[in-house]
Amino acid sequence: MSYLPKSPWLVHYDASSCNGCDIEVLACLTPLYDVERFGVLNIGNPKHADIFVVTGSVNEQNKSVIKNIYDQMADPKVVVAVGACATSGGVFRECYNVQGGVDKVIPVDVYVPGCAARPEAIIDGVVQALGVLEEKYKNMGKVAK
Amino acid sequence: MSGMNALLAVILYIVLAPIIGGLISGVDRKISARMQGRYGPPILQPFYDVFKLMAKQNIVVNKHQKFYILCFLIFVIITGAIFFAGGDLLLAIFALTLASVFFIVAAYSTYSPYAYIGAEREMLQIMAYEPMVILTVVGMYMVTKSFNVIDIATYDQPLLFSLPGIFLGFLFILTIKFRKSPFDISMSHHAHQEIVRGVITEFSGKELAMIEIAHWYENVFLLGIVCLFFASNPIIAIILALLTYFLEIFIDNNNSRLKWQSTLGSAWIVALILGVGNIAFLALL
Ligand code: SF4
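What you see is a predicted model, and the numbers here were worked out from it, not measured in a lab.

(A) Representation of the site of the ligand in the model. Residues and elements named next belong to chain A. Near the ligand the following residues occur: Ser17, Cys18, Gly20, Cys21, Gly83, Ala84, Cys85, Val91, Gly114, Cys115 and Ala116. Mapped onto the shell around the ligand, the elements with two or more residues apiece are helix 1 (20-27) and helix 3 (83-88). In terms of residues, the shell around the ligand owes the most to one element, helix 3, which gives three residues. For the shell around the ligand, the per-class residue count stands at seven nonpolar, four polar and no charged.

(B) Expanded view of the pairing of strand 1 (residues 9-14) of chain A. Residues and elements named next belong to chain A. Relative to strand 2 (residues 41-42), strand 1 runs parallel, the two sharing two bridges. In the sheet register, leucine 10 faces strand 2, and the bridge partner there is asparagine 42. On the question of chirality, the crossover connecting strand 1 to the parallel strand 2 by way of helix 1 is right-handed. Relative to strand 3 (residues 51-55), strand 1 is paired through five bridges, and the arrangement is parallel. Residue tyrosine 13 lies in a different strand from strand 3, and its bridge partner there is valine 54.

(C) The packing of helix 2 (residues 45-55) of chain B against helix 9 (residues 205-228) of chain B, seen in detail. Residues and elements named next belong to chain B. Between helix 2 and helix 9, the least distance of the axes is 7 Å, while the angle of their chain directions is 150°. Looking at the two axes, helix 2 sits roughly antiparallel to helix 9. Along this stretch, helix 2 crosses helix 9, giving a crossing that reads as left-handed. Residues Pro46, Phe47, Val50, Leu53 and Met54 of helix 2 touch helix 9, and the partners they reach there are Gly205, Lys206, Leu208, Ala209, Glu212, Ile213 and Trp216.

(D) Quick look at helix 1 (residues 3-35) of chain B. Compared with an ideal rise of 1.5 Å per residue, which puts 33 residues at 48 Å, helix 1 of chain B spans 45 Å between its outermost C-alpha atoms and is within 8% of the ideal. Of all the bends in helix 1 of chain B, the greatest, near 40°, is centred on leucine 16 of chain B, and the proline proline 18 of chain B appears no more than four residues after it.

(E) Fine view of the side chain of arginine 179 of chain B. Its place among the elements puts arginine 179 of chain B in the loop between helix 8 (164-177) and helix 9. Residue classification places arginine 179 of chain B among the buried residues on the basis of a relative accessible area of 7%.

(F) Spotlight on the pattern of salt bridges. Across all of its chains, the model carries 14 salt bridges over all chains by this definition. Note that arginine 38 of chain B is salt-bridged to aspartate 34 of chain A, the shortest N-O span being 2.9 Å. With arginine 38 of chain B in the loop between helix 1 and helix 2 and aspartate 34 of chain A in the loop between helix 1 and strand 2, the pair connects residues from two separate chains. Here arginine 38 of chain B and aspartate 34 of chain A have matching classes, each one buried. Each of Asp34 and Glu36 of chain A together with Arg29, Arg38 and Asp49 of chain B takes part in one network of salt bridges that share partners.

(G) Spatial organisation of the sheet that holds strand 7 (residues 110-112) of chain A. One open sheet holds the five strands; their spatial order is 2-1-3-5-7 (chain A), and the pairing between them is parallel. Edge positions in the sheet fall to strand 2 and strand 7 of chain A, since each of these pairs with one other strand and no more.

(H) Representation of the packing of aromatic side chains in the model. In total, this model carries 17 aromatic pairs over all chains according to the counting rule given. Seen from their ring centres, tyrosine 3 of chain A and phenylalanine 51 of chain B are 4.9 Å apart, and the 35° between their planes marks the pair as tilted. Taken together, the residues tyrosine 3 of chain A in the segment before strand 1 and phenylalanine 51 of chain B in helix 2 connect one chain to another. Taking the centre distance of 6.3 Å and the plane angle of 40° together, the rings of phenylalanine 170 of chain B and phenylalanine 229 of chain B count as tilted. Of the two residues, phenylalanine 170 of chain B is situated in helix 8 and phenylalanine 229 of chain B in the loop between helix 9 and helix 10 (234-253); the sequence distance between them amounts to 59 residues. Put simply, the rings of Tyr13, Phe83, Phe84, Tyr217 and Phe221 of chain B pair up and form one aromatic cluster.

(I) The arrangement of the environment of asparagine 62 of chain B in detail. Residues and elements named next belong to chain B. Within the secondary structure, asparagine 62 sits in the loop between helix 2 and helix 3 (65-84). Take asparagine 62: its relative accessible area is 16%, and that puts it in the buried class. On a C-alpha basis, the gap between asparagine 62 and arginine 34 in space is 40 Å, while along the polypeptide they are 28 residues apart. The contact partners of asparagine 62, leaving out residues within four places of it in the chain, are Ser109 and Tyr111. Side-chain polar atoms of asparagine 62 contact the backbone oxygen of serine 109, separated by 2.9 Å.

(J) Region of interest: the nonpolar core. Ranked by internal contacts, the top residues of the largest apolar core, which has 104 residues, are Phe52, Ile66 and Val102 of chain A together with Met140 and Phe229 of chain B. Here this core gets 16 residues from one element, more than from any other, and that element is helix 9 of chain B. For isoleucine 66 of chain A, the residues in contact, after removing those within four places along its chain, are Tyr13, Ala15, Phe52, Val54, Val58, Val102, Val105 and Ile106 of chain A. Core analysis: the next-biggest nonpolar cluster, separate from the first, contains 22 residues, Val25, Val40, Ile123 and Val126 of chain A among them.

What counts, and where the lines are drawn
- Residues numbered from 1 in each chain as written.
- Chains lettered and ligands numbered in written order.
- Predicted model: local features only at pLDDT ≥ 70, side-chain atom pairs only at ≥ 80, totals over all residues.
- Heavy atoms only, no water.
- Near = heavy atom within 4 Å.
- Helix = DSSP H or I, 4+ residues; strand = E, 2+ residues; numbered from the N terminus.
- Nonpolar A, V, L, I, M, F, W, Y, C, P; charged D, E, K, R; others polar.
- Pairing = 2+ DSSP bridges.
- Right-handed = clockwise from strand over helix to strand, strands pointing away.
- Axes fitted to C-alpha atoms, helices over the stretch in contact; angles between N-to-C directions.
- Parallel < 35°, antiparallel > 145°, perpendicular 65-115°, else oblique.
- Left-handed = near helix turned anticlockwise from the far one by under 90°.
- Contact = heavy atoms within 4.5 Å.
- Expected span 1.5 Å × (residues − 1).
- Bend = angle between axes of the 7 residues up to and from the residue.
- Buried < 20%, exposed > 50% of the residue type's maximum accessible area, 1.4 Å probe, protein only.
- Salt bridge = Lys/Arg side-chain N within 4 Å of Asp/Glu carboxyl O.
- Phe/Tyr/Trp six-rings, centres within 6.5 Å; stacked < 30°, edge-to-face > 60°.
- Polar contact = N/O pair within 3.5 Å; in protein donor to acceptor, adjacent residues only side chain to side chain.
- Core = buried A, V, L, I, M, F, W, Y, C linked by side-chain atoms within 4.5 Å.

Spatial relationships are all this shows, so hold off on functional conclusions.
Following this line, the structure appears as structure tokens:
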């Protein structure tokens with residue numbers, strides 16, 4: 001067992017979201033939900049983060065940004081797509097500039113549904129991501145050997 | 001201190017300081033959370049963080065950065081070793097400054113704009129706190145007539161009574177040293193939007209873990225200096241150090257960040273009034 005699940009640091013990126021999901025992500029940090037009690041920190045720096053939380057859909061403008069943030073993160077890393085927009089494009093799906101969900105550009109490990117996703121659902125998504133993180137860590141060792 | 005005892009003190013320091021420093025940092029996060037009305041992370045959280053960082057992939061931007069970070073850690077450890085072996089306080093302070101220089105060079109070596117801003121602000125911080133640190137050592141020398149920690153620690157009267165101004169001045173710059181608001185301009189334990197993570201932006205994995213451990217060593221050393229102000233009674237000295245740290249947490253949670261100009265200006269004014277004032281008073285007596 002590694003210490004990864006005990007200290008997940010996340011970086012949050014707001015793709016073209018309506019800000020509804022972002023406010024719910026920030027709500028997780030407030031005294032009511034306080035994700036720091038699980039060791040979760042909103043670290044704001046991709047190089048230090050383990051979990052990439054994306055809200056909102058992918059469009060031509062932010063495609064490269066999402067890819068860039070993902071590439072800068074150190075292994076093992078997981079991606080959590082929060083909200084209907086991030087999972088599939090949501091209400092913006094039909095827009096001329098929208099490509100769809102985050103999985104169009106980077107591999108997504110956990111999909112959190114909802115419009116907006118509730119803080120409980122986001123925390124649950126992050127907790128599920130921890131399992132994936134641990135799994136990836138084990139496999140990372142194998143590849144290295 | 002005899003050679004054997006000094007060696008023992010150094011070994012105890014090297015083994016115990018990271019444990020104590022980590023625990024202090026864990027309690028810090030818990031108390032901060034409680035002050036904000038949150039439940040807070042477990043006390044052992046800083047250790048989980050460091051162990052996790054050890055397991056992460058290490059992204060290196062410049063192959064020399066590893067060497068600089070290693071030097072930073074080693075010189076911070078040497079600083080504490082000199083101090084707890086009862087050696088020259090002035091030498092310990094200079095070793096700490098050298099460690100900071102390695103830290104800054106490491107940040108510069110990454111060529112990242114955020115690390116650059118962080119490194120520049122880190123230098124401003126050194127400029128801000130260094131006069132007061134030197135005045136603290138000078139004040140201690142004027143009272144005890146020795147730069148050796150062992151002589152200062154075994155001085156029969158508490159230094160606090162002859163150096164109240166210097167003590168307050170030292171408390172002031174401790175906020176800068178501990179990287180607490182309102183003086184956490186170069187980096188802090190929280191994300192800052194405009195500088196990302198400042199000096200440590202480009203370090204990941206093991207290097208970040210080493211920086212964190214170095215800060216634990218540094219904090220124990222700084223609290224050791226606080227203890228020196230009441231060294232004639234070790235229990236009161238430790239209580240004084242803990243109260244000091246609590247005060248820093250309190251200040252941290254009640255202030256927003258200042259600009260670097262205010263950091264530099266206020267630190268120098270405090271050094272001038274409290275530090276120089278105290279020393280002038282001692283000289284006139
Ligand atoms: S899922 Fe709903 S709340 Fe979230 S960003 Fe999309 S439209 Fe806004």
